[in-house]
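Here's the letter readout for the chains.
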Amino acid sequence: MAHAFWQRLRRILRHLWMDDADLARALPPDLLDRIARRVAEGEHRHTGEVRIHAEAGLPLSYLWRDAPARERAITLFGKLRVWDTEHNNGVLIYLLLAEHAIEIVADRGVARHVPPQAWQALVAHLGRAFREGRYEAGLLHAVDDVSALLAQHFPRRHEDTAPNELPDRPTLG
């Protein structure tokens, strides 16, 4: 019982310790611009929507309940309206710096075509890059991989004139 308390307290303190400065060091504005360009380039090949959201730490309400990063990613999937695309083919890449957690949430249209193992492999690759401090390389590779999967299952045709439904620039929280 006491061990669980101390683990929980350590988790809360780790999240409270991380702040916007840590997030800005990991993902500076010029990197966010490069990622946005890569997302836009990928979306020229498919009708899906790719969003990236990163946070330094979880909100206190999540920590108090000992909620996992996955729960936060699913909540943000809704708040960022990734679920609200015409073809139900949005994908959220969520990064939580305090736990070095990476979550990918795909809308139901994508989930019908892409098996969970594909997402797990992508998360593993991104996780290796992050552990090595290669945030840019990892994120750009992840965007390319997600775009390739979306292009395979939701290719953009010449007659497709669907607008860009969601912003391409990663959001920070």
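The coordinates are above.
In short, a report on the structure. (Residues numbered from 1 in each chain as written. Predicted model: local features only at pLDDT ≥ 70, side-chain atom pairs only at ≥ 80, totals over all residues. Heavy atoms only, no water.)

**Points about the overall build of the protein chain**
Within the protein chain, the secondary structure is distributed over eight helices and four strands. Its C-alpha atoms give the protein chain a radius of gyration of 17 Å, near enough to 16 Å, the size a compact globule of 173 residues would have. In terms of overall dimensions, the protein chain has a C-alpha envelope of 60 × 30 × 25 Å along the principal axes. The 173 residues of the protein chain split such that 46% are buried. A fraction of 74% describes how many contacts in the protein chain between residues 6 or more apart in sequence connect residues 24 or more apart. Accessible surface, the protein chain: about 9200 Å² in total, of which carbon and sulfur atoms supply 57%. When the 23 basic and 24 acidic side-chain charges of the protein chain are each reduced to a single mean position, those positions are 5 Å apart. (Helix = DSSP H or I, 4+ residues; strand = E, 2+ residues; numbered from the N terminus. Rg over C-alpha atoms; globule rule 2.2 N^0.38 Å. Buried < 20%, exposed > 50% of the residue type's maximum accessible area, 1.4 Å probe, protein only. Contact = heavy atoms within 4.5 Å. Areas by Shrake-Rupley, 256 points an atom, 1.4 Å probe, with all protein chains shown as cover. Lys, Arg positive; Asp, Glu negative; His and termini not counted. Charge placed at Lys NZ, Arg CZ, Asp CG, Glu CD.)

**As for helix H3 (residues 29-43)**
Given a rise of 1.5 Å per residue, 15 residues ought to cover 21 Å, and the 21 Å separating the end C-alpha atoms of H3 matches this to within 8%. Taken together, the buried positions of H3 are Leu31, Leu32, Ile35, Ala36, Val39, Gly42 and Glu43. Viewed end-on, H3 has its buried residues packed into an arc of 140 degrees, placing them on one side of the element. Where the residues of H3 are buried, they touch helix H2 (20-26), strand S1 (49-55), helix H8 (135-153) and strand S4 (171-172). (Expected span 1.5 Å × (residues − 1). Arc of directions from axis to C-beta.)

**Considering the packing of H3 against H8**
At a minimum axis separation of 9 Å, H3 and H8 run at an interaxial angle of 15 degrees. Regarding the angle of H3 to H8, the classification is roughly parallel. Where H3 crosses over H8, the handedness of that crossing is right-handed. Only Glu136, Leu139, Leu140, Val143, Asp144 and Ser147 of H8 make contact with H3, whose side of the interface consists of Leu31, Arg34, Ile35, Arg38, Val39 and Gly42. Residue classes in the contact of H3 with H8 are distributed as six nonpolar, two polar and four charged. (Axes fitted to C-alpha atoms, helices over the stretch in contact; angles between N-to-C directions. Parallel < 35°, antiparallel > 145°, perpendicular 65-115°, else oblique. Left-handed = near helix turned anticlockwise from the far one by under 90°. Nonpolar A, V, L, I, M, F, W, Y, C, P; charged D, E, K, R; others polar.)

**Here's the deal with helix H7 (residues 116-131)**
Under the 1.5 Å per step criterion, the end-to-end length of H7 is 22 Å for 16 residues, consistent within 8% with the ideal 22 Å. Considered for burial, the residues of H7 that qualify are Trp119, Leu122, Leu126, Gly127, Ala129 and Phe130. Seen from one end, H7 has its buried residues packed into an arc of 160 degrees, which puts them on one side. For H7, the exposed residues set more than 90 degrees away from the buried face come down to Gln117, Gln120 and Arg131. Next to the buried residues of H7 lie strand S2 (90-96), strand S3 (101-106), helix H6 (108-111) and H8. Of the residues flanking the end of H7, it is glycine 133, one or two places downstream, whose phi is positive at about 75 degrees.

**So, the environment of glycine 173**
As for its placement among the helices and strands, glycine 173 is situated in the segment after S4. Under the relative-accessibility criterion, glycine 173 is labelled partly exposed at 45%. Between the C-alpha atoms of glycine 173 and leucine 23, which are 150 residues apart in sequence, the distance is 8.9 Å.

**Thoughts on the environment of arginine 81**
Residue placement: arginine 81 occurs in the loop between helix H5 (69-79) and S2. Here the alpha-carbon distance between arginine 81 and histidine 44, two residues 37 residues apart in the chain, equals 20 Å. Once residues within four sequence positions are removed from consideration, arginine 81 is found in contact with Leu76 and Leu166.

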